[in-house]
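# Coordinate inspection notes
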Amino acid sequence: SLTEWTADQLAQIEPYQGVGVTVVGYLAAIKPQHGSGESTNCHFTNPVEVDWHIPLVEKAGDAESTSIVVETTPRVRKSHPKWTPQALAPWVNSDVPVRISGWTMLDPEHRAHLGKYRSTLWEIHPITKIEVFKDGQWTSVDDLP
């Protein structure tokens, strides 16, 4: 956890932590974090109480190991009832891009995932907007039928 980092280490990441970004990529999966739960959600494991790790890759078909993880949180999802795995399913493992907006966050809790489920400990966490490319334009998932 970041509480174990030195002041110098924290100072190096601080300018990049919590920066608003928008990225375009391809959804490789949607993974609700059940299991033992994560510290960020009090180790809860119920589907509505957990973050979803979503590997976002640069090109359709890229390996998950090359992804950055983008995450929805239960608190933000409450305001976006259309953010469901079912609604996003047409864009998972597809050659149609998505556009993700949110805040940068370094997540050292997942070091064991490097090179297997992600390429970096930097994430977009939480996601604040999900747009899909549909009918030749970007459409907010909130506006899907």
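Residues numbered from 1 in each chain as written. Predicted model: local features only at pLDDT ≥ 70, side-chain atom pairs only at ≥ 80, totals over all residues. Heavy atoms only, no water.

## Re the pattern of salt bridges
The condition is simple: Here, a salt bridge means any side-chain nitrogen of Lys or Arg that lies within 4 Å of a carboxyl oxygen of Asp or Glu. Each residue is assigned to one of three classes by its accessible area relative to the maximum for its type, calculated with a 1.4 Å probe on protein chains only: buried under 20%, partly exposed between the two thresholds, exposed over 50%.
Across all of its chains, the model carries four salt bridges by this definition. Linking R118 and E123 is a salt bridge whose minimum nitrogen-to-oxygen distance equals 2.9 Å. Since its relative accessible area comes to 0%, R118 is described here as buried.

## Focus on the environment of G25
Here is the rule: By definition, any uninterrupted DSSP run of H or I lasting at least four residues is a helix, any uninterrupted run of E lasting at least two residues is a strand, and each is numbered from the N terminus.
Note on placement: G25 falls in strand β1 (residues 20-27). Between the alpha carbons of G25 and P55 there is a distance of 9.5 Å; along the sequence they are 30 residues apart.

## Examining the packing of aromatic side chains
As a reminder of what qualifies: When two rings of Phe, Tyr or Trp (its six-membered ring) have centres within 6.5 Å they constitute a pair, described as stacked for plane angles under 30 degrees, edge-to-face for angles over 60, and tilted for the intermediate range.
All told, the structure shown has one aromatic pair when counted by the stated rule. An angle of 70° between the planes, with centres 5.1 Å apart, marks the rings of F133 and W138 as edge-to-face. For W138, a relative accessible area of 26% puts it in the partly exposed group.

Any functional reading would require information that these geometric values do not contain.
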